[in-house]
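# Residue-level structure breakdown
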Amino acid sequence: MLNRWNKAGRRDCFTVYIIPAWKWKEFIAFELIGGTAFYLIGKLMTHSEWFSIAFNMAGPQMLKHTFAAFRA
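Since this is a predicted model, take the numbers as computed values, not measurements.

## A word on the overall build of the protein chain
Along its length, the protein chain carries two helices and zero strands. In the protein chain, which comprises 72 residues, the share counted as buried stands at 12%. In the protein chain, of all internal contacts separated by at least 6 residues, the share reaching a separation of at least 24 is 36%. When the accessible surface of the protein chain is summed, it comes to about 6500 Å², and 69% of that surface belongs to carbon and sulfur atoms.

Now the structure itself:
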């Protein structure tokens, strides 16, 4: 029989996280694709790197809150 206890006196174990498909699809759609689109739109509108980065962070959050309002 194997001894499954480690030196600290706790059992060796690991945690399994189950992420629903809609969560990672939402992440890809909003954060990656939407963030890139907002960055490029901000870059075209202002020619400012700092504004484009801020627009890249704020834009997907705005989209998430807008879509969450329609879901509820």
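## Notes on the pattern of salt bridges
Under the criterion given, the structure shown has two salt bridges. The closest approach of N and O atoms between K64 and E31, which form a salt bridge, is 2.9 Å. Within this pair, whereas K64 is found in helix α2 (residues 49–71), its partner E31 is found in helix α1 (residues 21–46), the two being separated by 33 residues in sequence. Judged by relative accessible area, E31 falls into the partly exposed class, the value being 25%.

## What about a nonpolar patch on the surface?
A contiguous nonpolar surface patch, about 800 Å² in accessible area, is contributed by Y17, I19, W24, F27, I28, L32 and I33. A relative accessible area of 45% means that L32 is categorised as partly exposed.

## Points about α1
Between its terminal C-alpha atoms α1 stretches 36 Å, which fits the 38 Å expected from 26 residues at 1.5 Å a residue. Along α1, the helix axis deviates most sharply at G34, where the bend reaches about 35°. Listing the buried residues of α1 in full gives E26, F30, G34, G35, F38 and G42. Looking at the residues trailing α1, positive phi occurs at H47, about 55°.

## Quick notes on the side chain of S52
By secondary structure assignment, the location of S52 is in helix α2. Here the side chain of S52 touches S48 through a polar contact of 2.8 Å, landing on its backbone oxygen. With sequence-adjacent residues up to four places away left out, S52 is seen in contact with Y39, G42, K43 and T46.

Reading the values: the criteria
- Residues numbered from 1 in each chain as written.
- Predicted model: local features only at pLDDT ≥ 70, side-chain atom pairs only at ≥ 80, totals over all residues.
- Heavy atoms only, no water.
- Helix = DSSP H or I, 4+ residues; strand = E, 2+ residues; numbered from the N terminus.
- Buried < 20%, exposed > 50% of the residue type's maximum accessible area, 1.4 Å probe, protein only.
- Contact = heavy atoms within 4.5 Å.
- Areas by Shrake-Rupley, 256 points an atom, 1.4 Å probe, with all protein chains shown as cover.
- Salt bridge = Lys/Arg side-chain N within 4 Å of Asp/Glu carboxyl O.
- Patch = residues over 30% accessible without salt bridge, like charges linked within 9 Å, V, L, I, M, F, W, Y side chains within 5 Å.
- Expected span 1.5 Å × (residues − 1).
- Bend = angle between axes of the 7 residues up to and from the residue.
- Polar contact = N/O pair within 3.5 Å; in protein donor to acceptor, adjacent residues only side chain to side chain.

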